[in-house]
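So you can see what is in the structure, the chains are spelled out below.
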Amino acid sequence: MHIPTSNYKKRVALGVLFILLIVMVTSPLYAPRYTVILLTSIFMFIVLTVSWTVFSGPTGYVSLAPAAFFGVGVYASALLGFVFPLPVVILLGGISSSCLAVIVGALTLRLRGIYFVMFTFGLVELLLHFILWWEVNITGTTGRVVPTVGNTTVYYLMLGVLVIVILTAYLLNRSRYGLALQSIGECEEAAAHTGVHVTAMKISTFALSAFFMGAAGAIMATRWTYIDPRIAFNPVLSFLPVLMAIFGGTGQLYGPVIGAALFTYLEEFLITRFPYYYMLIFGFIMVFAILYLPEGLVGMIQKLWKRIGGAKHADS
Amino acid sequence: MPILEGMRVTKHFGGLAAVSNVDFHVEQGEVFGLIGPNGAGKTTLFNLISAVLSPKSGTIKFKGVDITGFKPYKICRMGVARTFQTVKVFPNMPVFQNVILGSYFGTLPRMSSRDASEKALEILEFVGLSRVKDTPAGDLTLANQKRLEVARAMATHPDLLLLDEIMAGLNPTEVAEAMEMVIRIHNRGITLIMIEHVMKAVMRLCDRIMVLHHGQKIAEGTPREIADSEKVIKVYLGEKSRA
């Protein structure tokens, strides 16, 4: 604020963001099809990771429910895809996930620590098996067909959600509600006695984060054309956002973004280059990241930055 | 009308009556002391007033409104702020952020961030923490963390402030500073209820004192009356021959 360099930095950051956005918007025009599909996956994981961080980052409530909210979005797309236009379907997918989050949040957000983690993960399994049971016993078939819309449309829709989720996270972090969420993570009791409506804050933010996960699910379903409960409620989609957020670092907004982007790319790269060893290599990288990058990539970069900055001071 | 009034307030923990049938009233602008041996139910009474716990029976009225069964955030927004016996600052947040949270979510109608920030800075100045406003709260000394709790509570702009042993664990210089701070808070027109074991402070600062023992009120009165009460001396202050 009072240092001129920070204003300059801000302008550079905005410029870089703008160029990135232009590249992303125009890339389907010249990039190969494969790149567009890969970028869509990357966007999806950024959406999941950032929306996970919006709630779990400041509050410290580790949610393993992303797959549940994502799956609800997927099913919204399958059930409503032939009825409504796609944007409405995406909105409804998000809203359904939010509603689920409000119910689950009201029931479980008093649980702290491991209990909350277990419950949210249980939710994924519960929904998976409930819908599986329903489809087998009531509908008679396990799978469903989702109307497709083409890779480029999916790409742009996901990019749209990505931009909205990042903007939302940015504005929330800077607002008084971001501060309130952080205070809840640090000491819930004191936050309540400072006038923060802890329960309402937790539930509404949980629902907000679920909205974007549901929207992402509704979009991705159209790319898959065929879905069943095991595809929609894939537990991996609960773990990956958490790992990606840790990998990137949750302290800054760009942490989960970079984490998700690199992580998705890395996974793709390893699968294509080392189809037989990819899980093994991936595992080593994960262990390394957790052992040596406790604050994620962002933490490491900041540390390096400080060291370089410190060296400069030593010279002058 | 008293600003705070309790009628037959009772709270049990299992078979133990932590607070039983306590009547009390605190007048507007008063400094009200709450003393008693360890386990007498003082902090439990604070928790009942600030709605951490709800009483088994009895009612608590703030400014004439029955607040029994309200949620803590609501009590705070009505104008009752508190500090904690074991400090509960937000350790990883800078001092300034700890305080501004209070101005954002306290009793005053929705403030702009500029107003909230001004208010927070003013209060940091008031408690003497301006110099460390960018330090993470967890890095402060105990005395400063206690001041920070007071600052955070003050930022909510309360009419009634509950101070739970803000002088415990402080050295004599810090105690003197804390006493002086209490006087300045009082001069701002804020009604105070303080739990304190530092007798010198209680006797000097309080207009009236209530003594709890095993969850029951055994005495109430001016510091002079309390100091002279046979009953209080027996359970609390020790043998009279020494006094």
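Scroll up to find the structure this text is about.
Throughout, a residue's number is its position along its own chain's written sequence, starting from 1. Chain A is the first chain written and ligand 1 is the first ligand written, with later ones labelled in order. Residues qualify for local features only when their pLDDT is at least 70, as the model is predicted, and side-chain atom pairs are given and counted only at 80 or more; totals for whole chains, interfaces and linings, by contrast, use all residues. The basis for the side-chain values is all heavy atoms of the structure; hydrogens and waters are excluded.

Right, let's get into the packing of helix α4 (residues 113-127) of chain B against helix α5 (residues 142-155) of chain B. Residues and elements named next belong to chain B. In this analysis an axis means a line fitted to C-alpha atoms, helices contributing only their contacting stretch, and an angle means the value between N-to-C directions, from 0 to 180 degrees. Elements are defined by DSSP. Helices are runs of H or I of four residues or more, strands are runs of E of two residues or more, and each kind is numbered from the N terminus. The contact between α4 and α5 brings their axes to 9 Å, and the two run at 140°. When the axis of α4 is compared with that of α5, the two are oblique. When the axes of α4 and α5 are compared, the crossing they make is right-handed. Facing α4, whose interface residues are K119, I123, F126 and V127, α5 presents R147, A151, M154 and A155. Here the term charged refers only to Asp, Glu, Lys and Arg, the term nonpolar to Ala, Val, Leu, Ile, Met, Phe, Trp, Tyr, Cys and Pro, and the term polar to all other amino acids, Gly among them. The residue inventory of the contact of α4 with α5, partitioned by class, reads 6 nonpolar, no polar and 2 charged. Angles below 35 degrees are treated as roughly parallel, those above 145 as roughly antiparallel, those between 65 and 115 as roughly perpendicular, and all remaining angles as oblique. Should the near helix be turned counterclockwise from the far one by less than a right angle, the crossing is left-handed, whereas a clockwise turn marks it as right-handed. Any two residues whose heavy atoms approach within 4.5 Å are treated as being in contact.

Looking now at helix α2 (residues 33-59) of chain A. Residues and elements named next belong to chain A. When the terminal C-alpha atoms of α2 are compared, their 39 Å separation across 27 residues agrees well with the 39 Å that a helix rising 1.5 Å per residue should span. Here the bend at each residue means the angle between axes fitted to two seven-residue stretches, the one ending at that residue and the one beginning there. T53 marks the point of greatest bend in α2, at about 40°. Across the 27 residues that make up α2, a large majority, 20, are buried. Just downstream of α2 lies G60, where phi reads positive at about 80°. Here the expected span of a helix is defined as 1.5 Å times the quantity of residues minus one. Exposed residues in this analysis have more than 50% of their type's maximum accessible area, buried residues have under 20%, and partly exposed residues fall in between, with area computed by a 1.4 Å probe over protein chains only.

Quick look at the nonpolar core now. One recurring pattern in soluble globular proteins is that nonpolar side chains are buried together. Residues enter a nonpolar core if they are buried and are Ala, Val, Leu, Ile, Met, Phe, Trp, Tyr or Cys, with the set joined through side-chain atoms within 4.5 Å. Formed by 147 residues in total, the largest nonpolar core has its most connected members in V196 and F233 of chain A together with L161, M167 and I185 of chain B. The leading source of residues in this core is helix α9 (residues 198-224) of chain A, at 14 residues. Those residues in contact with M167 of chain B that lie beyond four places of it in its chain are V175, A178, M179, V182, M194, E196, V198, A201 and L205 of chain B. Core analysis: the next-biggest nonpolar cluster, separate from the first, contains 26 residues, F24, L34, I49 and I60 of chain B among them.

The subject of this paragraph is the sheet that holds strand β1 (residues 4-13) of chain B. All names here are of chain B. A strand pair is defined by DSSP finding two or more bridges across the two strands. Read from one edge of the open sheet, 4 strands run β2-β1-β4-β5, paired in antiparallel fashion. Only two strands of the sheet have a single partner each, and these edge strands are β2 (16-26) and β5 (65-66). Note: β1 against strand β4 (residues 57-62), 5 bridges, orientation antiparallel. Bridge pairing in β4 links L4 to F62.

Residue and element names in this part refer to chain A. Together, I19, L21, V23, V25, L29, Y30, Y156, V163, L167, Y170 and L171 give the surface a local cluster of nonpolar side chains, amounting to about 1,000 Å² of exposed area. Taken together, the elements giving at least two residues each to the nonpolar patch come down to α1 (4-30) and α6 (151-174). Residue placement: V23 occurs in helix α1. By relative accessible area, which is 40% here, V23 ends up partly exposed. Residues qualify for a patch when their relative accessible area is over 30% and they have no salt bridge, like charges being joined within 9 Å and the nonpolar side chains of Val, Leu, Ile, Met, Phe, Trp and Tyr within 5 Å. All accessible areas in this document rest on Shrake-Rupley with a 1.4 Å probe, and a residue is counted as covered only by the protein chains that are shown. Any Lys or Arg side-chain nitrogen found within 4 Å of a carboxyl oxygen on Asp or Glu counts as a salt bridge.

What follows deals with the interface of chain B and chain A. On the side of chain A, 17 residues touch chain B, which itself brings 27 residues to the contact. The junction of chain B with chain A conceals about 2,000 Å² of combined surface from both sides, 67% of it contributed by carbon and sulfur atoms. Joining chain B to chain A, the criterion identifies 1 salt bridge. Distance and chemistry together define a polar contact, namely a pair of N or O atoms within 3.5 Å, with one atom able to donate a hydrogen and the other to accept it when in protein, and with adjacent residues in sequence counting only for side-chain atoms on both sides. In this assembly, chain B and chain A are joined by 7 residue pairs in polar contact (both at pLDDT 80 or more). Among the residues forming the side of chain B that touches chain A, the class breakdown is 14 nonpolar, 8 polar and 5 charged. As used here, buried area is the combined drop in accessible area, with a 1.4 Å probe, of two parts when they are placed together.

Keep in mind that most residues, glycine aside, have a negative phi and that most peptide bonds are trans. The phi dihedral of T225 of chain A is positive, around 60°, even though this residue is not glycine. The topology assignment puts T225 of chain A in the loop between α9 and β2 (226-227). The exposure class of T225 of chain A is partly exposed, given its relative accessible area of 33%. We note that H157 of chain B has phi near 60°; this positive angle belongs to a residue other than glycine. Tracing the sequence through the fold places H157 of chain B in the loop between α5 and β7 (160-164).

What is shown is where atoms sit, not what they do.
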